[in-house]
Amino acid sequence: MPHKVSLSRLKLIDFRNYAAASLSLDGRHAVLTGDNGAGKTNLMEAVSLLSPGRGMRRAAYGEMTRVGATGGFSIFAALDGMEGEVEIGTGVETGEETTARRLRINGTPAKTADELTDHLRVLWLTPAMDGLFTGASSDRRRFLDRLVLSLDPAHGRRASDFERAMRSRNKLLDEGRFDPSWLAGIEEQMASLGIAMALARQEMLGLLTRLIEETLESSPFPSASLQLSGFMDGQYSRPSVDLEDDYAAMLAESRYRDAGARRTLEGPHRADLIVHHREKAMEAERCSTGEQKALLVGLVLAHARLVGNLTGHAPILLLDEIAAHLDEGRRAALFDLIDGLGGQAFMTGTDRTMFSALADRAQFLTVADGRVFG
Ligand SMILES: Nc1ncnc2c1ncn2[C@@H]1O[C@H](COP(=O)(O)OP(=O)(O)O)[C@@H](O)[C@H]1O
Ligand SMILES: [Mg+2]
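Residues numbered from 1 in each chain as written. Chains lettered and ligands numbered in written order. Predicted model: local features only at pLDDT ≥ 70, side-chain atom pairs only at ≥ 80, totals over all residues. Heavy atoms only, no water.

With respect to the overall build of the protein
Helices and strands together make up the secondary structure of the protein, namely 9 helices and 17 strands. Scaling as 2.2 N^0.38, a compact globule of 374 residues should have a C-alpha radius of gyration of about 21 Å, and the protein matches this with 22 Å. Across its three principal directions, the C-alpha atoms of the protein cover 65 × 55 × 35 Å. Within the protein, the fraction of its 374 residues that count as buried is 50%. When the accessible surface of the protein is summed, it comes to about 16600 Å², and 49% of that surface belongs to carbon and sulfur atoms. (Helix = DSSP H or I, 4+ residues; strand = E, 2+ residues; numbered from the N terminus. Rg over C-alpha atoms; globule rule 2.2 N^0.38 Å. Buried < 20%, exposed > 50% of the residue type's maximum accessible area, 1.4 Å probe, protein only. Areas by Shrake-Rupley, 256 points an atom, 1.4 Å probe, with all protein chains shown as cover.)

See below:
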């Protein structure tokens, strides 16, 4: 079993609908129940900010600050992390728009948010992800990259460096500045970053596929088969230097075409994650809504297991409205599966009785009007 990373304390100040809230957690799973609009998802969003990025809603920091607050928001957490006990503080100073949040780890300002991944990995599944298989490919790409990121924290840097290089190429082309050596320099950079991104995605999907295949019989959920598509398809077994050369050549050849399109038409930014329902041999987007949800739950939990196996530390799971639309038997199987991952899971719902199968494996908390009761 991987080591259990668990939050023991969480304090929110002027975060969303919480003026000031403090909760003590005992290391078990945390079930948060309360009426719609009580603040359950907000609380999970706060926990999601203990990972790099803008959290599970990908909201602007200004939106997270409580309406009516005079300053910004703060989140404090104490946890038994991957390197032992740690205290994390994050937030913004003012309610104004800002693109950066401050971050302190054991009182010391962190240089980058990536430092969080030394202490914990946070994974989530929210109702907003329900349309993942039928929605925009950009959402699946972001999902895919989050899966990679929780195993390989350097993936975020690669992706943002690639974006930056691509933007400067697009700008040169847009301005009609076809300086070959300048462009070639940028394209070479794009090639090495872009292929590294694609290979990291491919590697993660390979590991996840193997794990899914090993646990086929024991999973109460349908299993997914996973493919990358849209960039260097079927070529990932070739040496990466060859792939880089090919992609750089592709970019050099497509300068005029890309200038006309006003964007770069080929690259890892155009890749898509193709998911099939394995048992039915059906594309996920053509499965029923319920089947899609079950596939997604199975996929996210398989990934959580992979993170635990590879890092030795079970991730914190944020499972928003996870028990909705499941019958009692399925719910009990889901809770056993979640518990079997060995990590601390936060789960929300409107009704406490939905979680009764968890019994003493969970701590039950009630959320009402931006306050949390034990
Ligand atoms: N910045 C904010 N300031 C104050 N309230 C907010 C802010 N952002 C969202 N809210 C409110 O928080 C409430 C609870 O939201 P949420 O956590 O999503 O509820 P639920 O318990 O249904 O998951 C909503 O009524 C919403 O209007
Ligand atoms: Mg909610």
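Some thoughts on the site of ligand 1
Close contacts around ligand 1 come from 15 residues, with Gly37, Lys40, Thr41, Asn42 and Thr65 the closest. The contact in question runs from a nitrogen atom of ligand 1 to an N or O atom on the backbone of Arg16, over 3.1 Å. In the model, an oxygen atom of ligand 1 is placed 2.9 Å from a nitrogen or oxygen of the Gly39 main chain. Coverage of ligand 1 by the protein chains reaches 70% of its 580 Å² of free accessible surface. Ranked by residues supplied to the shell around ligand 1, first place goes to helix α1 (residues 40-48) with 3 residues. (Near = heavy atom within 4 Å. Polar contact = N/O pair within 3.5 Å; in protein donor to acceptor, adjacent residues only side chain to side chain.)

Examining the UniProt feature "binding site: ATP" (unreviewed entry) in the protein
Taken from the UniProt record, the annotation "binding site: ATP" (unreviewed entry) applies to Gly34, Asp35, Asn36, Gly37, Ala38, Gly39, Lys40 and Thr41. As for the annotated residues, the ones lining the largest pocket are Thr41. Position of Asn36 relative to the elements: it lies in the loop between β4 (29-33) and α1. Under the relative-accessibility criterion, Asn36 is labelled exposed at 67%. A polar side-chain atom of Lys40 sits 2.8 Å from the main-chain carbonyl oxygen of Asp35. (UniProt positions renumbered as here; feature names shortened; annotations may be inferred. 1 Å grid on protein atoms, 1.4 Å probe; cavity = no way out; pocket = protein on both sides within 12 Å on 5 of 7 lines; lining within 4 Å.)

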